[in-house]
Amino acid sequence: MALLTREQIQEIIPHRDPFLLIDTVEELEPGVRVVATKYLKPDESWFKGHFPQEPVQPGVLTVEMLAQAGAVCALSLPENRGKIAYFAGIDKARFRRPIRPGETIRLEVEMIKMRGPVGVGKATATVDGERAVTAEITFALGK
């Protein structure tokens with residue numbers, strides 16, 4: 001059972017449809033670690049053009065999903081409530097396997113550094129236990 005639903009996620013981060021890209025939060029230790037999920041419906045709009053003959057999840061959208069999960073982790077801290085976590089950088093990104101319609105992505109982010117309003121998370125997206133995307137994502141907190 002989910003720890004946080006989409007509605008509860010929207011109480012923490014400002015993203016809304018069509019750009020709220022996580023469905024649930026399964027585990028959360030505010031400011032430390034988060035595990036979220038995203039089920040890729042076969043009719044997701046991006047599959048129509050990426051690629052019509054062989055639909056594949058765009059890697060940059062998977063990185064955005066990881067960033068949104070990381071934002072839930074950072075913004076769950078009481079002192080960060082109501083702030084926005086802006087993308088500040090992506091390092092060491094690796095795309096290890098294609099992700100396809102109908103699959104569920106497990107999005108894990110562990111905060112590895114925080115200095116003032118800037119933080120870095122170690123991010124991993126998996127499907128059925130197999131690594132699909134890894135990256136270090138940097139964010140900056142703003143009002």
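These numbers come from a predicted model, not from an experiment. (Residues numbered from 1 in each chain as written. Predicted model: local features only at pLDDT ≥ 70, side-chain atom pairs only at ≥ 80, totals over all residues. Heavy atoms only, no water.)

(A) Structural view of the side chain of E44. Within the element layout of this structure, E44 appears in the loop between strand 2 (33–39) and helix 2 (59–75). For E44, a relative accessible area of 8% gives the class buried. Of the polar contacts made by the side chain of E44, one reaches the side chain of K38; its length is 3.4 Å. The contacts of E44, once residues within four sequence positions are left out, are K38 and Y39. (Helix = DSSP H or I, 4+ residues; strand = E, 2+ residues; numbered from the N terminus. Buried < 20%, exposed > 50% of the residue type's maximum accessible area, 1.4 Å probe, protein only. Polar contact = N/O pair within 3.5 Å; in protein donor to acceptor, adjacent residues only side chain to side chain. Contact = heavy atoms within 4.5 Å.)

(B) View of unusual backbone geometry. Residue P18 follows D17 across a cis peptide bond; omega there is 10°. Of note, P18 is situated in the loop between helix 1 (6–10) and strand 1 (24–29). The omega torsion of the bond from H50 to F51 falls at -5°, within 30 degrees of zero and hence cis. Position of F51 relative to the elements: it lies in the loop between strand 2 and helix 2. Backbone geometry at D128 places phi at a positive 50°, although glycine is not the residue there. Of note, D128 is situated in the loop between strand 5 (118–127) and strand 6 (130–142). For D128, a relative accessible area of 75% corresponds to the exposed category.

(C) How the structure looks around the pairing of strand 1. The pairing of strand 1 with strand 2 spans five bridges and is antiparallel. Bridge pairing in strand 2 links T24 to T37. The turn linking strand 1 back onto strand 2 is made up of three residues, and G31 within it adopts a positive phi angle of 75°. (Pairing = 2+ DSSP bridges.)

(D) Focus on helix 2. A rise of 1.5 Å per residue sets the reference length of helix 2, with its 17 residues, at 24 Å; its end C-alpha atoms lie 24 Å apart and thus fit the reference within 8%. Within helix 2, 15 of the 17 residues are buried, which leaves the element mostly enclosed by the surrounding structure. (Expected span 1.5 Å × (residues − 1).)

(E) Region of the structure containing the environment of D23. Relative to the elements of secondary structure, D23 occurs in the loop between helix 1 and strand 1. On the basis of relative accessible area, D23 is assigned to the buried category, the value being 18%. As a C-alpha pair, D23 and Y39 span 16 residues in sequence and 7.1 Å in three-dimensional space. Not counting the four nearest positions on each side in its chain, D23 is found in contact with L4, T5, R6, I9, T37, K38 and Y39. A distance of 3.3 Å separates polar atoms of two side chains, one belonging to D23 and the other to R6.

(F) Structural context of the nonpolar core. Of all hydrophobic cores here, the largest spans 38 residues; its most connected members are I9, I13, I22, V72, I105, L107 and V109. The set of elements that each furnish at least two residues to this core consists of strand 2, helix 2, strand 4 (104–115), strand 5 and strand 6. The dominant element in this core, judged by the number of residues it contributes, is helix 2, at eleven residues. Excluding anything up to four places from it in sequence, I9 contacts L4, L20, I22, D23, T24, V25 and V72. (Core = buried A, V, L, I, M, F, W, Y, C linked by side-chain atoms within 4.5 Å.)

(G) Up close: the environment of M65. Among the structural elements, M65 can be located in helix 2. In sequence terms M65 and F19 are 46 residues apart; their C-alpha atoms lie 9.5 Å from each other. Here M65 is in contact with L21, I22, K38, L40, W46, Q57, I105 and L107, once residues within four sequence places are set aside.

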